[in-house]
Amino acid sequence: MAPVSNPVGEQIHETHPDAPCVGVGNISNPTLLVRDIKNIQHITQVDFESFHHRGMNALPDDILANCIPFLNGKEWKLIRKNMTPLFTAVKLRQMFTTMNKGALDFVEYLKDNPKKLKGDALNTLSTFSCAAIGASVFGITTKSIFDSPFLEMARKVNIPSFWFDLKLFLWIVAPTLFRLCRMKVFAEHEEFFVKAVKQIIEQRKKEGGKHADFIDLCLNLQNKEELKDEESGFVIKPTDEVMAAQAFFFFVAGVEPNASALFFTLLELGRNPEALERVHKEIDVHFEKYQNNLTYDNLTELKYLNVVLQESLRLHPPIGFISRQCVRDSVLPVGNIKVENGTKIFISVYGFQRDRKLYPDPEKFIPERFTQETKHANDTILAFGKGNRASLACVAPVCIEILAPPRPDPPHPAAKTINFVVVTRKFFHIP
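Just so you know, these numbers come straight off a predicted model, no measurement behind them.

(A) Representation of the overall build of the chain in the model. Of the regular secondary structure elements, the chain holds 16 helices and eight strands. The buried share among the 431 residues of the chain stands at 54%. Once local pairs closer than 6 in sequence are excluded, the contacts in the chain between residues at least 24 apart make up 71%. When the accessible surface of the chain is split by element, carbon and sulfur atoms take 55% of a total near 20,200 Å².

Take a look at the structure:
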């Protein structure tokens, strides 16, 4: 697997090193590629109200495309507000516990299936991500946590194809033509996923009980019969189709991007034995300190693992670019650049995170870039977006469980972990 890149954006970063913005060609709208960090912060955070639009509008009957990342205006605001309870500290702690258990099971799964260590590493990590997201967000469990009917769909969504790439291209650069052609972005997955979510919701209604996951949130919202923005009076009916669209986003955005982030983190550690040894020692000390108990709260103490993850995401971002559209006139602070209503904005994540001015020797894996002493560099990581429309991701639990020391008295039957050096070398055929 190659890292997600954006050749045009990267080339513009190289050829215009001092320009805060660069005008680029577009079929329908004036377009700016923004490359200065202060201007990016202005767009994604400071003047978010002027740039909250993604620059893409799905057709009303394109069910799965009407999810949080592609909604705009009142629809986005209302859905986002009602999805927020899923990501409170309490809910994240509960989800972390489930993910960590999945990571423990994953290590045991690798031990029981040694062929997986010699095959497609990304595919194997996608299996874990699918199981973790399915269990923690949707409460999906099967006889084997790593045998999910959703996995194949998640893979297909992320496999490039001419037809999908064409639809995406027109959606971004020629939205009028896209609408005239009545294109549905995720049409081939609609029947399976909507039906599956409906079945899960119905099953949960029959079983009852509280699971503190996405399906519980769906039931709570449907009990209200309508979602209403009190300020504008705008209303959305929380139908199964509306809930399925949000579920689709959480699932697809949680499987392949996380698997990719984990894949490249392990790859870079395999290439850099000193960093691998340092991470391994940090985790050994951490497990000894907390008697093999990894929690949502003590996870933050793994400082070096955190900077390793950030540096890996800098080198290998799971998304190539960020898009926005100006909805009211604004002025970017660096260069005093006037941006008119309707202007498209592109931010090249790959080009930006390999900018030589921000990162000397940008091709090298140097986790120390993100230590406390150089904390300002954190502002330049865009791998999962930035600002109010950034994505959530968590790759740490499985990374930690693979690197963890063997546990003499495991609290969980799958808690005896294997040596990460062996895993890394087998995964990536490192001698």
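(B) Summary view of the sheet that holds strand β2 (residues 31-34). Pairing within the open sheet is mixed, and its four strands lie in the order β1-β2-β8-β5. The open sheet has two free edges, formed respectively by β1 (21-24) and β5 (321-325), since each of these has just one partner strand. Averaged over neighbouring strand pairs, the angle between their axes works out to 25° when direction is ignored. As paired strands, β2 and strand β8 (residues 344-348) are joined by three bridges and run parallel to one another. The residue of β8 that forms the bridge with L33 is F346.

(C) Main features of the layout of surface pockets. The computed volume of the second largest pocket comes to approximately 370 Å³. Along the walls of the second largest pocket sit 18 residues, with A58, P60, N66, L71 and E75 positioned nearest its centre. Among the secondary structure elements, those contributing two or more residues to the lining of the second largest pocket are α3 (73-83) and α11 (240-271). Among the elements that take part in the lining of the second largest pocket, α11 stands out by supplying four residues, more than any other. For the lining of the second largest pocket, the per-class residue count stands at 11 nonpolar, five polar and two charged.

Cut-offs and rules
Residues numbered from 1 in each chain as written. Predicted model: local features only at pLDDT ≥ 70, side-chain atom pairs only at ≥ 80, totals over all residues. Heavy atoms only, no water. Helix = DSSP H or I, 4+ residues; strand = E, 2+ residues; numbered from the N terminus. Buried < 20%, exposed > 50% of the residue type's maximum accessible area, 1.4 Å probe, protein only. Contact = heavy atoms within 4.5 Å. Areas by Shrake-Rupley, 256 points an atom, 1.4 Å probe, with all protein chains shown as cover. Pairing = 2+ DSSP bridges. Axes fitted to C-alpha atoms, helices over the stretch in contact; angles between N-to-C directions. 1 Å grid on protein atoms, 1.4 Å probe; cavity = no way out; pocket = protein on both sides within 12 Å on 5 of 7 lines; lining within 4 Å. Points joined across faces, edges and corners; volume = space filled by probe spheres on them. Nonpolar A, V, L, I, M, F, W, Y, C, P; charged D, E, K, R; others polar.

None of the figures reported here should be taken as evidence of function without further support.
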